[in-house]
Amino acid sequence: MTQELARTRTDQPVPRTTNWWRDAVIYQVYVRSFADGDGDGIGDLPGARARLPHLAELGVDAVWLTPFYGSPQADGGYDVADYRVVDPLFGNLADAQALVYEAHRLGLRVIVDIVPNHTSDQHAWFRAALAGGEERARYHFRPGRGAEGELPPNDWESVFGGPAWTRTADGDWYLHLFAAEQPDLNWEHPAVHKEFESILRFWLDLGVDGFRIDVAHGMIKADGMPDIGRREQAKMIGAQVLPFFDQDGVHEIHRSWRRLLDSYDGERIGVAEAWAPSAERLALYVRPDELHQAFNFQFLTCAWDASAMRQVIDSSLAATTSVGATTTWVLSNHDVVRHTTRYGGGEQGLRRARAAALLTLALPGSAYVYQGEELGLPEVDLPDSVRQDPAFFRGDGQEGLRDGCRVPLPWSGDSAPYGFGRGGSWLPQPDGWKALSVAAQSGEPGSTLELYRSAITLRKQLTGLGDGEMEWLESPVGTLVFRRSGVVCTLNALADAVELPTPGRLALSSVELTPAADVVRLPAESCAWWTV
Ligand code: GLC
Ligand code: MG
C-alpha cells in the first residue's frame, strides 16, 4: 500500500521536503495574542488551532509557537515552571496535540519554543535549591562581595535592567540574566543536560517538527564570571562577546541537540535565538553539525538605507554560505518594535515595511513572519497602567518595552476585540484597527495581507526564489537590484522615484506600478519582483 502510494506520487510534482528549512517561510505565533478560544481575553492553543487556516492560506511552511508551558507568566511564559505541561491559560496537552495534528493535516510544520537558559523561580528545582537541596548546584549561587556579602558577586546586569543577581534569605546570591523570577541554569551540571534532552524528546515524541531555542547564546558563562567593568551592558548585547553571552561553550550543547534531532525522522530542526556580535559568530550556530537556522538580527536592526542593507545582506550570505547554511531573515518578533513603526511609522513606515517584506522574501534563504506584520500592524503606544513587560518593573530597564508589539490581532468586526475572542483582550487594541483586520483585508486588492499572500505563493511558484544564488546588478545609489534565477528584485529605498530600464515582466509590487516597455519609474520606498 505504501509502496503503491509512493509510486503514484513520483509522477506528481511532490513538495520538496529535503532540507525544507533552508528556504522555509515560518510564521511566529505569539500564543497569548494570536487568537483566544475560551473567551478569557488571552490567546490559547484551541484559539490558535481554529485560526490555522489563515496560515495555510498565507502559504507559510511552518508555525513557531511561543512558550505555552506551565508558568507563573513573569515574562510572558519565558519563565517555565514545568516544561512538560501546557499552562491552563493556554489549554492542555491534548490541545497541543490537536494543534500539531491539525497543522500537519494542513501541511504546516510546528516549531515550539524551548527555554534552556533559565527556569522559573517556581520550578521544582529552584524551590528545592532555595530550601538548600542539592538542586542548588544546578543554578548559579554565589556568596556576595563586601564585608557582609552585601554586594552582588560581580557587576553583571540583567537584560531587563538592574543587577543580574538577587540575594536570598540565607545570604547567597543567584544569577538571573533576565528577571529575578528567571534564575539561570548551570549548564556545567550533568543533570541539566539530561533533563533538557528528556524535555526535547517529550515534545519530539508528541510530534513537533523542531525548536526555537531561546537565548541560545547564553547557557555557558565565562570561567570565574569576570566583571565587565562597564554599565549599560544591555546595550552591548549583540555588539561584542560578553562573559555571559556567545561563549564558545554553547556550541557543544547545540551539537548534542543536533544529534538528538537527527535521531528522529522527518527533518526536525533547531533555530537559534542568538544575539552574536558578527555575522561570522552567528554562522557558528548553523555549522553542519549544529542548528539549522539562526535569526539574522543584524538585518532586523539595520536602518532603512540601501547601502547599509546591502552590506548586511552580503556579510550574512558570505558567513552562512561559508558553513553551508542559508540565512534566516527576520524583520520583527515579540521582542522588538514592529518594523512599520521602526521604519518611521504612519504611511511612510507602512510603505517601507511592505517593500522590506518583498525584499526579504526575494533573498536567498528562509524567512520568519511575525504575526500581524502581514496586516501591516504598527507598534501600539500603550499607557503604563496596562504594561506587563517585566523590564517595565525593573529599575532602569525602561527602554525597549515590548508590550506594544504584543497587542492581540484583529481578525474581524468593527470594534475591539475584533474577533480575537469572545471576551476582551489582555492588552487593549486601538480604535481604528477595523480596517486592518484579516477580514477587512482579505480579497482587498492592494492590502498588505494580499501582498503577503501573493508574495509567499509566488515565492514557491517562481522557481528562482528561496534557496540558491543571487547576483547584484548595477543600479543608482539608494536602490538595490539583484537577480535570482529567473527573477529580478528592485528596491527603491529613496524618498523619490527613480527610473530604471524595465528589468522584465512585472510579477509583484509593493505599490501600484505601470512599467513602460523600456523604462520604469520605481516609486519612492517600493520593491518589485520581475520575471526575466
Ligand atoms: C528571549 C525571548 C524574550 C524573553 C527572553 C528571556 O529573548 O524572546 O521574550 O524575555 O528570551 O527568556
Ligand atoms: Mg484564552
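Residues numbered from 1 in each chain as written. Chains lettered and ligands numbered in written order. Predicted model: local features only at pLDDT ≥ 70, side-chain atom pairs only at ≥ 80, totals over all residues. Heavy atoms only, no water.

1. Notes on the packing of helix 12 (residues 346-362) against helix 14 (residues 448-461)
Note the cut-off: Convention adopted: a line fitted to C-alpha atoms gives each axis, helices being fitted over their contacting stretch, and angles between N-to-C directions are expressed from 0 to 180 degrees. A run of DSSP states H or I qualifies as a helix once it reaches four residues; a run of E qualifies as a strand once it reaches two. Both are numbered from the N-terminal end. If an angle is under 35 degrees, it is roughly parallel; if it is over 145, roughly antiparallel; if it lies from 65 to 115, roughly perpendicular; otherwise it is oblique. The contact rule is simple, with two residues in contact once any of their heavy atoms fall within 4.5 Å. Only Asp, Glu, Lys and Arg are considered charged in this grouping, and only Ala, Val, Leu, Ile, Met, Phe, Trp, Tyr, Cys and Pro are considered nonpolar; every other residue, Gly among them, is considered polar.
Look at helix 12 against helix 14: their axes get within 10 Å of each other, and the N-to-C directions meet at 10°. When the interaxial angle is binned, helix 12 and helix 14 end up roughly parallel. Contacts from Leu 350, Arg 354, Ala 357, Leu 358, Thr 360 and Leu 361 of helix 12 reach helix 14 at Thr 448, Leu 451, Tyr 452, Ala 455, Ile 456 and Arg 459. Tallied by class, the residues present in the contact of helix 12 with helix 14 amount to 8 nonpolar, 2 polar and 2 charged.

2. Digging into the coordination of the magnesium ion (ligand 2)
Operational definition: Metal sites are built from N, O and S donor atoms within 2.8 Å, or 3.2 Å for Na, K and Ca, and they leave out water, so they may look incomplete. The buried label goes to any residue with under 20% of its type's maximum accessible area, the exposed label to any with over 50%, and the partly exposed label to all in between, with areas taken from a 1.4 Å probe on protein chains only.
Within the protein, the atoms that donate to the magnesium ion (ligand 2) are Asp 36 (OD), Asp 38 (OD), Asp 40 (OD), Ile 42 (O) and Asp 44 (OD), at distances of 2.2 Å. Classification of Asp 44 as buried rests on a relative accessible area of 2%.

3. Things to note about the site of ligand 1
Where we set the bar: By convention in these notes, a residue is near a molecule or strand provided one of its non-hydrogen atoms lies within 4 Å of it. For the purposes of these results, a polar contact is taken to be a pair of N or O atoms within 3.5 Å, where, inside protein, one atom must be able to donate a hydrogen and its partner to accept one; residues adjacent in sequence count only when each atom of the pair is a side-chain atom. All accessible areas in this document rest on Shrake-Rupley with a 1.4 Å probe, and a residue is counted as covered only by the protein chains that are shown.
Around ligand 1 sit 14 residues, and of these Asp 75, Asp 214, Glu 273, Asp 335 and Arg 402 come closest. Between ligand 1 and Arg 402, the relevant distance is 2.9 Å, taken from an oxygen atom to a side-chain nitrogen or oxygen of the residue. Taken by itself ligand 1 offers 310 Å² of open surface, and the protein chains cover 96% of this.

4. Observations regarding the sheet that holds strand 5 (residues 109-114)
Whether parallel or antiparallel, the strands of a sheet pair through hydrogen bonds between backbone atoms. Our working definition: Two strands qualify as a pair provided DSSP detects at least 2 bridges between them.
Here we have 8 strands laid out as an open sheet, ordered 11-10-9-5-2-1-13-12, and parallel in their pairing. Across the chains shown, the open sheet's two edge strands, defined by having one partner strand only, are strand 11 (293-294) and strand 12 (328-330). Packing of helix 4 (residues 93-105) onto the sheet brings it into contact with strand 2 (62-65) and strand 5, and relative to strand 5 it is tilted by some 145°.

5. Observations regarding the packing of aromatic side chains
Where two aromatic rings form a pair, the distance of their centres and the angle of their planes describe that pair. The cut-off we apply is this: Pairing of aromatic rings covers Phe, Tyr and the six-membered ring of Trp, with a centre-to-centre limit of 6.5 Å; geometry is then stacked below 30 degrees between planes, edge-to-face above 60, and tilted otherwise. Ring-over charges, as used throughout, are those where CZ of Arg or NZ of Lys falls within 6 Å of the ring centre and within 35 degrees of the ring normal.
Evaluation of the coordinates by the stated rule reveals 25 aromatic pairs. Arranged with centres 4.8 Å apart and planes meeting at 75°, the rings of Phe 295 and Tyr 368 form a pair that is edge-to-face. One end of the pair, Phe 295, is in the loop between strand 11 and helix 9 (297-300); the other, Tyr 368, is in strand 13 (residues 366-370), with 73 residues separating them in the sequence. Neither Phe 295 nor Tyr 368 differs from the other in exposure class; each is buried. Positioned above the aromatic ring of Trp 125, the side-chain terminus of Arg 138 is 4.4 Å from the ring centre.

6. Here we look at the domain arrangement of the protein chain
Note the cut-off: Domain delimitation in this document rests on an assignment produced automatically or drawn from a domain database.
Considered domain by domain, the protein chain is made up of domain 1 (124-175) and domain 2 (470-531). Computed from C-alpha atoms alone, the centre-to-centre distance between domain 1 and domain 2 is 56 Å.

7. What about the sheet that holds strand 20 (residues 526-531)?
Spatial ordering of the open sheet is given by 14-15-16-20-18, a layout of 5 strands whose pairing is antiparallel. Because the sheet does not close on itself, it has two edges, and the strands there are strand 14 (471-473) and strand 18 (505-509). Across the sheet, the mean angle separating the axes of adjacent strands is 25° when strand polarity is ignored. The pairing of strand 15 (residues 479-484) with strand 16 (residues 487-492) spans 6 bridges and is classified as antiparallel. Looking at the pairing, Arg 484 lines up with Val 487 of strand 16. Together, strand 15, strand 16, strand 18 and strand 20 form the strand contacts of helix 12, whose direction differs from that of strand 20 by roughly 40°. In the packing of helix 14 onto the sheet, contacts are made with strand 18 and strand 20, and the angle to strand 18 comes to roughly 130°.

8. Describing the pattern of salt bridges
Stated precisely, the cut-off is as follows: By definition, a salt bridge exists where a carboxyl oxygen of Asp or Glu is found within 4 Å of a side-chain nitrogen of Lys or Arg.
A complete count under the given rule lists 35 salt bridges for this structure. A salt bridge links Arg 136 to Asp 170, with the nearest nitrogen and oxygen atoms 3.0 Å apart. In this pair, Arg 136 is assigned in the loop between helix 5 (124-130) and strand 6 (141-142) and Asp 170 in the loop between strand 7 (165-167) and strand 8 (173-175), connecting sequence segments 34 residues apart. On the accessibility criterion, Arg 136 (18% relative accessible area) is buried. The shortest N-O distance in the salt bridge between Asp 403 and Arg 387 comes to 3.6 Å. Taken together, the residues span a long stretch of sequence, with Asp 403 in the loop between strand 13 and helix 13 (438-441) and Arg 387 in the loop between strand 13 and helix 13 at a distance of 16 residues. Take Asp 403: its relative accessible area is 1%, and that puts it in the buried class. Put simply, Asp 75, Asp 335, Asp 389, Arg 402 and Arg 406 are held in one network by salt bridges that share partners.

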